[in-house]
2 protein chains.
Amino acid sequence: MSEFDFIERIRVRIARNAFKPTDLLLGIGDDAAILREQSGRELLITTDLLVEDVDFKLDYIPPAWLGHKALAVSLSDIAAMGGTPRFSLLTLAIPLASAECGVRSAEFWDAFLDGYCALAEAHQVTLIGGDISGMPEQLAIDSMVLGQCESGKSIRRSGAQVGDAVFVTGELGASAAGLQLLLNGERVDETLADAKQQAMRAHLRPEPPVAFGQALGQSGLAHAMLDVSDGLAQDLAHLCTASQVSATLIAEAIPVAESASLQLALHGGEDFELLFTAEAKNEAALQRLAELHQMQLTRIGGVTLRSDAQALTLKQNGIAQPLTPQGFDHFRR
Amino acid sequence: MSEFDFIERIRVRIARNAFKPTDLLLGIGDDAAILREQSGRELLITTDLLVEDVDFKLDYIPPAWLGHKALAVSLSDIAAMGGTPRFSLLTLAIPLASAECGVRSAEFWDAFLDGYCALAEAHQVTLIGGDISGMPEQLAIDSMVLGQCESGKSIRRSGAQVGDAVFVTGELGASAAGLQLLLNGERVDETLADAKQQAMRAHLRPEPPVAFGQALGQSGLAHAMLDVSDGLAQDLAHLCTASQVSATLIAEAIPVAESASLQLALHGGEDFELLFTAEAKNEAALQRLAELHQMQLTRIGGVTLRSDAQALTLKQNGIAQPLTPQGFDHFRR
C-alpha cells in the first residue's frame with residue numbers, strides 16, 4: 001500500500017458519508033481544503049495530538065475505538081467553546097515497519113477509519129484534509145476539528161465571575177480508573193457492561209457532550225467553560241487563572257464515578273466532561289437544558305475572589321483545605 | 001520544563017509579533033482559537049507533517065531552519081491555492097528523553113521558534129494554536145496554516161484546460177541535490193554561498209513564493225495550480241489526473257538548478273515552486289507579474305487531451321517519450 005493508495009482508501013471511506021455541507025467548497029485532494037466564510041459567524045479551531053505509548057497503547061485499545069477517540073478529544077474542545085463541530089482534519093504518522101503488513105495494515109486502518117467516521121457522521125462532521133507520513137517507531141495521530149457558532153456566542157475559559165456557581169456534566173474519575181485497570185492487565189469485553197468495563201470504555205471510547213456544549217453556547221448561560229481533560233482540579237485551576245478568580249469545590253457534591261475515588265475524580269483527567277461557571281440563579285434553567293439533552297449536571301462549587309495564596313479550595317466534611325492540581329503533564333513520564 | 005511552561009514559552013515568543021489581525025478574536029490558551037468569519041471570502045486549510053529520520057535528520061538541519069521549514073511547507077500549500085496565509089497552528093511531538101535537557105532542550109526550541117516566528121512575521125501569519133506531547137522516540141511536527149482569498153479566486157488542481165501552457169516558478173532539483181549532499185556528509189556553512197550551499201539551503205530552508213501565489217490568485221490567470229512537493233513529474237501527474245487531461249514537458253525548457261540534473265528536476269521533490277497552467281496567450285502578462293515579484297517564471301510544456309495510455313510525455317531533442325513519475329512516497333523507505 002502506497003501513501004497515495006492509503007489516501008484513496010480514506011477518500012472512498014468518507015464518500016460513504018451522505019451529509020454534504022453546503023459551505024464546504026473543496027475537501028480532500030488538493031493543496032488545501034476550501035470553506036465558504038459567512039458574516040455573523042465565528043470559526044473555532046482546535047487540534048489534539050495522540051501519541052502511542054504516551055496517550056494510548058495498541059495492546060489495549062481496539063483500532064475502531066482509537067479512531068473514535070482521536071476525533072472525540074477534539075469534538076470535546078469544540079463543545080467546550082459552546083460551538084458546533086463542522087469539519088475535521090486527520091494527520092497520521094504511521095510506523096514504517098507495519099505500513100505494508102501486520103497488525104497495523106489495511107485491516108487495522110479500516111477499523112480505525114470506521115470508528116473515526118462513525119463518530120464524525122453521528123455529529124455531521126466532514127473530514128476535509130490531513131496528512132500522512134511514515135514514522136520510524138510509534139504511531140502518532142494529530143486530530144483537528146473546526147467548529148462554528150453565532151458571533152459572540154463562544155464560551156471562553158476567562159469569563160468566570162465572582163459569585164458564579166461551578167457545574168460539571170456527567171461523572172468524573174471513570175477514565176482514570178479505566179486506565180489503571182488497563183495498565184493492570186484488564187481488557188475490553190464488549191459483551192459485558194459492569195463497572196470495570198464501563199470505566200475502560202470511558203477511557204478508551206469517550207462520548208463528549210457535543211450537543212449539550214452547543215446548547216450551552218446558544219443559551220448564553222455559561223460565563224466560562226472548558227473540558228475536563230487534564231483533571232478536574234487542574235482544569236478548574238486553568239479556568240481560575242484565565243478568569244483571575246479562585247474557586248471552592250464541595251467534595252461531597254463531586255459526581256464520582258462508580259469505579260473511581262474522589263482522588264481520581266479530582267486529578268484523573270480525560271473525562272471529557274464540561275466544566276463551567278454560571279450564575280447560581282440560573283441553576284434550574286441549566287438543569288432543564290441538561291435534562292433535554294439527557295445529561296447529568298451537578299453543581300460542585302463556587303467562584304470566589306482571587307486569592308494569591310491559593311486558586312483552589314476543597315471543602316470536605318465542612319473543613320476547607322487548599323487543593324493542589326496533580327493533573328497530567330505530557331512531559332512527565 | 002513542564003508542558004505548560006513550554007506553552008508559556010511559545011506564548012511569550014509570539015507576543016513579540018507586533019502584527020495583530022483584527023479578525024482574530026482569540027489565539028493560544030483556550031480549548032480552541034476563535035476567528036471572525038466574513039462573507040465574500042474563502043478559507044483555505046492545509047496541514048503538513050514532518051517526521052524526524054523520514055523527512056529530516058537533526059544532525060544536518062539547524063534548529064532555526066527546521067522551524068522555518070515547518071512553516072514554509074504549509075505556506076507553500078496556501079500559495080499553491082492562490083491564497084494569502086493568515087494563521088497557523090503548530091503541533092509538536094517531542095522526544096521524552098530530551099525534553100528536560102540535551103540538544104533538544106530550551107536552547108533547541110528557542111532557535112526552532114525563532115526560525116518559525118521569523119518566517120511567520122515576514123508573511124504576517126499569526127500562530128493561534130496547536131498541541132504538544134511527549135514522544136518516545138523521534139520528533140514529529142504537524143504544521144497547519146489557514147489562508148484566505150476572495151470568493152471564487154482560489155486555484156484548484158482540477159481546472160487545467162486542453163491547450164493551456166504549463167509554467168513553473170524558480171528552478172528545480174536543487175532541493176533533491178542538497179539532500180543528496182547532506183546524506184553524503186556535506187554540512188551547512190552560512191559563511192559560504194556556492195552551488196553546494198545553495199542546494200542544501202534549498203532543501204533545508206525553502207522560501208515558498210507566497211506573494212506570487214497570492215498575486216496569481218488575484219489575477220485570475222491560472223487555471224490549475226499546485227506546489228512542487230513530490231517532484232515535477234509526480235505533481236504534474238496529480239494535476240493531470242484531477243483535471244482529466246494529459247501534459248507534455250519540453251526537457252530543454254525545464255529550469256534545472258545549477259547543482260541538479262534533469263533527472264533530479266523531474267523527480268526530486270520538495271522544490272516548493274509553483275506549477276500551474278494558463279492560456280498561452282497570457283504568457284506576457286504572467287511574465288510581467290513574475291517580474292513584479294522578482295520571480296523566475298518558465299513555460300515548460302503544454303496541456304493535451306487525456307490519453308489513457310500515458311498522462312505525461314517528455315520531449316527531449318525533439319523525441320517524445322512517456323514520462324513515469326518517480327516521486328517520493330512516504331511509505332517507502
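Everything below is about the structure printed above this text.
Calculation rules
- Residues numbered from 1 in each chain as written.
- Chains lettered and ligands numbered in written order.
- Predicted model: local features only at pLDDT ≥ 70, side-chain atom pairs only at ≥ 80, totals over all residues.
- Heavy atoms only, no water.
- Contact = heavy atoms within 4.5 Å.
- Buried area = accessible area lost by both parts, 1.4 Å probe.
- Salt bridge = Lys/Arg side-chain N within 4 Å of Asp/Glu carboxyl O.
- Axes fitted to C-alpha atoms, helices over the stretch in contact; angles between N-to-C directions.
- Helix = DSSP H or I, 4+ residues; strand = E, 2+ residues; numbered from the N terminus.
- Parallel < 35°, antiparallel > 145°, perpendicular 65-115°, else oblique.
- Nonpolar A, V, L, I, M, F, W, Y, C, P; charged D, E, K, R; others polar.
- Least-squares fit on C-alpha atoms with pLDDT ≥ 70 in both.
- Buried < 20%, exposed > 50% of the residue type's maximum accessible area, 1.4 Å probe, protein only.
- Phe/Tyr/Trp six-rings, centres within 6.5 Å; stacked < 30°, edge-to-face > 60°.

Q: Please provide a residue-by-residue account of the interface of chain B and chain A, values included.
A: Tallying the contact residues gives 73 residues for chain B and 73 residues for chain A. Between chain B and chain A, roughly 6,100 Å² of surface is buried when both sides are summed, and carbon and sulfur atoms account for 59% of that area. At the boundary of chain B and chain A, one finds six salt bridges. Glutamate 37 of chain B serves as the salt-bridge partner of arginine 41 of chain A, at 2.8 Å between the closest nitrogen and oxygen.

Q: Explain the packing of helix 4 (residues 174–183) of chain A against helix 5 (residues 195–204) of chain A residue by residue, including any values.
A: All names here are of chain A. Interaxial distance between helix 4 and helix 5 falls to 7 Å at its minimum, and their mutual angle equals 105°. With respect to their mutual orientation, helix 4 and helix 5 come out roughly perpendicular. Along its contact with helix 4, which presents Ala174, Ser175, Ala177, Gly178, Leu179, Leu181 and Leu182, the element helix 5 presents Lys196, Ala199, Met200, Ala202, His203 and Leu204. Of the residues contributing to the contact of helix 4 with helix 5, the split by class is nine nonpolar, three polar and one charged.

Q: I'd like a description of the relation of the copies chain B and chain A, backed by residues and values.
A: Laying chain B over chain A is done by rotating through 180° and shifting 0.0 Å along the axis; what remains is an RMSD of 0.0 Å. Given the turn and translation reported, the copies of this chain are related as if by a two-fold rotation axis. When the interface residues of chain B are mapped onto chain A, 100% of them again lie at the interface, so the same face is used by both copies.

Q: Run through the environment of glycine 83 of chain B, naming residues and quoting values.
A: Residues and elements named next belong to chain B. Considering the arrangement of structural elements, one finds glycine 83 in the loop between helix 2 (63–79) and strand 4 (84–95). With relative accessibility at 0%, the residue glycine 83 sits in the buried group. In this structure the C-alpha to C-alpha distance between glycine 83 and glycine 159, which are 76 residues apart in sequence, comes to 16 Å. Those residues in contact with glycine 83, other than ones at most four positions away along the chain, are Leu44, Ile78, Gln148, Cys149 and Gln214.

Q: Explain the packing of aromatic side chains to me, using residue names and the numbers behind them.
A: Residue and element names in this part refer to chain A. Tallying each qualifying case throughout the model produces six aromatic pairs over all chains. Measuring from ring centre to ring centre gives 4.8 Å for tryptophan 109 and phenylalanine 112, while their planes differ by 65°; the resulting arrangement is edge-to-face. Of this pair, tryptophan 109 and phenylalanine 112 both sit in helix 3 (residues 106–122), separated by three residues, roughly a single helical turn. There is no split in this pair, since tryptophan 109 and phenylalanine 112 are both buried. Three or more aromatic residues joined by ring pairs make a cluster, and in this case those are Phe108, Trp109 and Phe112.

Q: Now, about the environment of alanine 280 of chain B: what can you tell me, with residues and values included?
A: Residues and elements named next belong to chain B. Residue position: alanine 280 is located in the loop between strand 10 (274–278) and helix 9 (283–292). You can call alanine 280 partly exposed: its relative accessible area is 29%. Setting aside chain neighbours within four positions, we find alanine 280 in contact with Ala165 and Arg299.

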